Amino acid sequence: MGSVIASPVLTGSLAAAPTSDGRLVLLDRLSGRQVHEMRLGSASESSPAVAEGVLHVGTDDGELVGVDLADGSERYRLKLGQLVRSSPLVAGNRVIVGVVESKTTGAVVAVDPANGKLVWVRKLGAVFSSPALAGTRLLVGSDDGSLHALDLEKGTVVWSHALGGKVRATPAVAGELAIVGDLEGRLVAVRLADGARAWCFEPRHPVYSSACLAGGLAVVGCHEGHLHALDVATGAPRFEATTRGPVVASPTAVGERYLVGSTDGSLYLLDTEGRILLRLPLASGGIQSSVAVDRDQLVVGSADGLHSLRLA
């Protein structure tokens with residue numbers, strides 16, 4: 001398939017991923033046989049979202065595209081800005097996605113998935129971050145250096161918390177906390193109720209990775225090639241593991257294990273003590289995609305394409 005930077009999405013029968021040369025490819029999950037392919041028009045690093053038979057994905061042309069999974073046909077195409085690197089979030093009758101309009105400006109937009117029409121727009125700094133849902137609020141980072149909480153229905157800002165560096169990771173929600181990192185090397189936990197800071201951990205290297213929350217831990221990758229595990233409630237360090245390249249992908253929990261790809265081209269399997277149980281080389285060009293898991297099947301993108309593996 002060529003390079004796949006975005007994370008794939010799995011349905012009952014399909015594995016879907018956009019490619020760096022501007023295609024959306026749908027594969028049969030069991031065989032890897034290509035079922036559909038369509039041109040998106042430009043490269044895409046936006047991880048798709050699927051709801052009610054429609055796949056929603058952003059492009060480097062600044063468009064949000066809806067694709068019918070049954071036949072690969074286009075449902076809608078909406079120009080939103082200069083870039084859509086954010087991954088869409090389907091929340092009720094809305095598709096929410098971040099937009100980059102210029103080096104310093106952007107927005108979070110809500111779109112009606114039935115017809116591809118805008119519902120609301122909230123102007124912020126450039127938004128590479130993907131939105132997360134916390135009850136009736138949306139959480140999203142921005143290049144303005146803050147984590148923002150927005151009202152899902154209207155898009156109004158409920159609170160903003162300044163981290164300092166550009167926030168491009170997706171916030172992770174754990175109970176009453178949201179956890180997110182910035183590009184100046186901070187990982188913070190913010191209270192959902194009022195946006196107050198609960199704790200801060202400083203790996204001192206850029207954090208593109210989003211935290212995986214499982215087993216009371218927040219596990220996140222950093223640009224110096226480490227995986228850090230922190231206590232979700234307190235931010236206290238629990239372990240640090242080292243890969244052979246920057247980790248921009250987000251870890252994925254599988255039972256009491258964690259999976260993550262590294263730009264060194266390997267997939268790592270770790271236990272809750274941070275011990276590396278397996279390093280599986282997959283692609284010499286590196287892995288930036290996060291792992292999609294469904295039952296005993298794993299699918300991950302790399303510089304070479306899509307890889308399907310089985311948990312044993």
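As the structure is a computational prediction, the values presented were derived from the model and not from experiment. (Residues numbered from 1 in each chain as written. Predicted model: local features only at pLDDT ≥ 70, side-chain atom pairs only at ≥ 80, totals over all residues. Heavy atoms only, no water.)

Regarding the overall build of the chain
Part 1 of the argument: Within the chain, the regular secondary structure consists of zero helices and 31 strands.
Part 2 of the argument: The C-alpha radius of gyration of the chain comes to 18 Å, within 12% of the 20 Å expected for a compact globule of 312 residues.
Part 3 of the argument: Expressed as lengths along the three principal axes of its C-alpha atoms, the size of the chain is roughly 50 × 45 × 30 Å.
Part 4 of the argument: Long-range pairs, those at least 24 residues apart, make up 35% of the contacts in the chain between residues at least 6 apart in sequence.
Part 5 of the argument: Within the structure as shown, the chain displays about 12,300 Å² of accessible surface, and the carbon and sulfur contribution to it stands at 48%.
Part 6 of the argument: Charge centroids of the chain, computed over 28 positive and 32 negative side chains, lie 2 Å from each other. (Helix = DSSP H or I, 4+ residues; strand = E, 2+ residues; numbered from the N terminus. Rg over C-alpha atoms; globule rule 2.2 N^0.38 Å. Contact = heavy atoms within 4.5 Å. Areas by Shrake-Rupley, 256 points an atom, 1.4 Å probe, with all protein chains shown as cover. Lys, Arg positive; Asp, Glu negative; His and termini not counted. Charge placed at Lys NZ, Arg CZ, Asp CG, Glu CD.)

Re the pairing of strand S31 (residues 306–310)
Part 1 of the argument: In S31, alternate side chains face the same way, and those of His307 and Leu309 are buried while those of Leu306, Ser308 and Arg310 on the opposite face are not.
Part 2 of the argument: Judged from the five bridges that link them, strand S30 (residues 297–301) and S31 form a sheet pairing that is antiparallel. Within S31, the position partnered with Gln297 by the bridge is Arg310.
Part 3 of the argument: Following S30, the chain reverses through four residues before pairing antiparallel with S31; Gly305 in that reversal takes a positive phi of roughly 145 degrees. (Buried < 20%, exposed > 50% of the residue type's maximum accessible area, 1.4 Å probe, protein only. Pairing = 2+ DSSP bridges.)

A word on the pairing of strand S8 (residues 74–79)
Part 1 of the argument: In this sheet, S8 lies alongside strand S7 (residues 63–68) in antiparallel orientation, the contact comprising five bridges. Looking across to S8, one finds that Leu64 is bridged to Leu78.
Part 2 of the argument: Between S7 and the antiparallel strand that follows it, S8, lie five residues; Gly72 among them carries a positive phi value of about 75 degrees.

Things to note about the nonpolar core
Part 1 of the argument: Core analysis: the biggest nonpolar cluster contains 15 residues, and Ile179, Leu187, Trp199 and Ala211 have the highest contact counts within it.
Part 2 of the argument: Contributing elements (two or more residues each) for this core: strand S17 (172–174), strand S18 (177–181), strand S19 (187–191), strand S20 (197–201) and strand S22 (217–221).
Part 3 of the argument: Discounting chain neighbours no more than four positions away, the residues touching Trp199 are Leu177, Ile179, Leu187, Val188, Ala189, Leu230, Asp231, Val232, Ala233, Thr234 and Gly235.
Part 4 of the argument: Leu217, Leu227, Phe239 and Val260 belong to the second-largest nonpolar core, a separate cluster that totals 14 residues. (Core = buried A, V, L, I, M, F, W, Y, C linked by side-chain atoms within 4.5 Å.)

Some points on the packing of aromatic side chains
Part 1 of the argument: Inspection of the entire model under this criterion finds zero aromatic pairs.
Part 2 of the argument: Here the guanidinium or amino end of Arg168 rests over the ring plane of Phe128, the centre of that ring lying 3.7 Å away. (Phe/Tyr/Trp six-rings, centres within 6.5 Å; stacked < 30°, edge-to-face > 60°. Lys NZ or Arg CZ within 6 Å of the ring centre and 35° of its normal.)

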